[in-house]
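Understanding the architecture of this molecule
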Amino acid sequence: MPDAPETPTRSILITGCSSGIGHAAAHALAKRGWRVFATARAAADVTRLEEEGFEALPLDLADSASIEAAVAAVQARTKGRLTALFNNGAYGQPGAVEDLTRAVLREQLETNLLGTHELTARVLPMMRAQGHGRIVHNSSVLGFAALPYRGAYICSKFALEGLTDTLRQELTGSGIHISLIQPGPIASRFRENAYQAFKANIDTTHSAHADTYRKVEARLASQEGKAPFTLGPEAVVDKLIHALESRRPKPRYAVTVPTHLFAALKRVLSTRGMDRVLLRSTRDERE
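Residues numbered from 1 in each chain as written. Predicted model: local features only at pLDDT ≥ 70, side-chain atom pairs only at ≥ 80, totals over all residues. Heavy atoms only, no water.

What about the sheet that holds strand β7 (residues 252-255)?
- An order of β3-β2-β1-β4-β5-β6-β7 is seen for the seven strands of this open sheet, with the pairing classed as parallel. Every interior strand has two partners, whereas the edge strands, β3 (55-58) and β7, have only one. The mean angle between the axes of side-by-side strands here comes to 15°, regardless of whether they run parallel or antiparallel.
- Here strand β1 (residues 11-14) runs beside strand β2 (residues 35-40); their pairing, made up of four bridges, is parallel. Considered in β2, the bridge of Ile14 is made with Ala38.
- Those strands touched by helix α4 (residues 102-130) are β1, β4 (84-87), β5 (133-138) and β6 (176-183), and its axis lies near 170° from that of β4. (Pairing = 2+ DSSP bridges. Helix = DSSP H or I, 4+ residues; strand = E, 2+ residues; numbered from the N terminus. Axes fitted to C-alpha atoms, helices over the stretch in contact; angles between N-to-C directions. Contact = heavy atoms within 4.5 Å.)

So this is what it looks like as structure tokens:
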């Protein structure tokens, strides 16, 4: 009696696996039997991921050559079959909109939007050839609700949401599903990385927002406490698993109380009313 055909291993490429959501997702999916290609920008993080047992690859979303090399490596190792892509890699650039130089804003978009788009476009031919696939973008509550001093990050996530909605329509009938996850505050190194970007790229001394920046910097530099309603990265991973494994994945997954609350308020409040709510939620940064 001939052997039954072997069931192909589900495979996934994940960006931003050095810590936080990406790191938690890589471990959770590996435990569920997924073949995980875990990527990170820094060589030391790639080495650490290899030591943790992953097929780790360097991938810098701001570098087209890095994206091309990572996809080529995955394509070679999987013989051109990739089940899923989780676009998690991103960072936050704090600063008032008027203090964002063109170069700083471009750098934010290169990683959070353009690199994510390029990576997605490069894996889609594999998914089209096999007739199925799952793509999940890690967006944010700031993908639909704007807060002060987060304009660069908000710009990247608003744009990502629009691009994703368009791609979802264009993928109709292809067997490829695309979803967005919209976390609010999640325990990670996001604030630490944002603080480094703030110090490197914002001229606080000569800004009209200098007084506010002093409070923002104190908050970003603080290692004590968490934002209200902060959840662990596993809250995002739970939604990711549904988006990857359910027969009917949702277009959007809200995570944390602020995301659910702001989405509900945006449906019922006027623009000015929503502004008042959002400004009140960040009052401690401005007073």
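Concerning the nonpolar core
- Ile12, Ile14, Leu29, Val36 and Phe86 are the most contacted members of the largest nonpolar core, which has 29 residues in total.
- Going through the elements one at a time, β1, α1 (20-31), β2, α2 (43-51), β4, α8 (234-245) and β7 are the ones with two or more residues in this core.
- The contacts of Ile12, once residues within four sequence positions are left out, are Leu29, Trp34, Arg35, Val36, Phe37, Leu82, Ala84, Leu85, Phe86 and Leu244.
- Residues Ile67, Ala70, Leu124 and Ile135 belong to the second largest nonpolar core, which totals 21 residues. (Core = buried A, V, L, I, M, F, W, Y, C linked by side-chain atoms within 4.5 Å. Buried < 20%, exposed > 50% of the residue type's maximum accessible area, 1.4 Å probe, protein only.)

Some words on the side chain of Thr259
- Looking at where Thr259 falls in the secondary structure, it is placed in helix α9 (residues 257-268).
- Within the structure, the side chain of Thr259 is placed 3.1 Å from the backbone oxygen of Gln182, a separation counted as a polar contact.
- Within the local environment of Thr259, its side chain forms a polar contact with the backbone oxygen of Val255, the two atoms lying 2.9 Å apart. (Polar contact = N/O pair within 3.5 Å; in protein donor to acceptor, adjacent residues only side chain to side chain.)

As for a nonpolar patch on the surface
- On the surface, a cluster of nonpolar side chains totalling about 290 Å² of accessible area is made up of Phe229, Val257 and Leu261.
- With respect to the element layout, Val257 can be found in helix α9. (Patch = residues over 30% accessible without salt bridge, like charges linked within 9 Å, V, L, I, M, F, W, Y side chains within 5 Å. Areas by Shrake-Rupley, 256 points an atom, 1.4 Å probe, with all protein chains shown as cover. Salt bridge = Lys/Arg side-chain N within 4 Å of Asp/Glu carboxyl O.)

Examining the pattern of salt bridges
- Per the counting criterion, the structure on display carries 11 salt bridges.
- Among the salt bridges present, the one from Arg214 reaches Asp211, with a minimum N-O distance of 2.1 Å. Taken together, the positions of Arg214 and Asp211, both in helix α7 (residues 210-221) and three residues apart, correspond to about one turn of that helix.
- Assessed through its relative accessible area of 48%, Asp211 is described here as partly exposed.
- Residues joined by salt bridges that share partners form a network here, namely Glu161, Asp165, Arg168 and Arg252.

A word on the packing of aromatic side chains
- If you walk through the whole model with that rule in mind, you get three aromatic pairs.
- Joined through ring pairs, the aromatic side chains of Tyr149, Phe198 and Tyr213 make up one cluster. (Phe/Tyr/Trp six-rings, centres within 6.5 Å; stacked < 30°, edge-to-face > 60°.)

Points about the environment of Gln169
- The residue Gln169 is located in helix α5 (residues 151-170) in this model.
- Taking the relative accessible area as the measure of exposure, Gln169 reaches 58% and is therefore exposed.
- When the C-alpha atoms of Gln169 and Ala70 are compared, they prove to be 27 Å apart, with 99 residues separating the residues in sequence.

Concerning the packing of α1 against α8
- Relative orientation of the contacting elements α1 and α8 amounts to 55°, with a least axis distance of 10 Å. Here α1 is positioned oblique relative to α8, judged by the angle of their axes. In the packing of α1 onto α8, the handedness of the crossing is right-handed. Facing Ile21, Ala24, Ala25, Ala28 and Leu29 of α1, the residues of α8 in contact are Val236, Val237, Leu240, Ile241 and Leu244. (Parallel < 35°, antiparallel > 145°, perpendicular 65-115°, else oblique. Left-handed = near helix turned anticlockwise from the far one by under 90°.)

Some remarks on helix α10 (residues 271-281)
- All of the buried residues in α10 are Gly273, Met274 and Leu278. Seen from one end, α10 has its buried residues packed into an arc of 130°, which puts them on one side. Of the exposed residues in α10, those oriented more than 90 degrees away from the buried face are Arg272 and Arg276.
- In this structure, the buried side of α10 is in contact with α9. (Arc of directions from axis to C-beta.)

Topic: the pairing of β4
- Residues Ala84 and Phe86 point to one face of β4 and Leu85 and Asn87 to the other, with burial holding for every one of them.
- Bridge count for β1 against β4 is three bridges, and the pairing is parallel. Across the sheet, Leu13 pairs through a bridge with Leu85, a residue of β4.
- In this structure, β4 lies alongside β5, joined through four bridges in parallel fashion. Bridging from a neighbouring strand, Ala84 pairs with Arg134 of β5.
- Assessed by its sense of winding, the connection that carries the chain from β4 through α4 to β5 is right-handed. (Right-handed = clockwise from strand over helix to strand, strands pointing away.)

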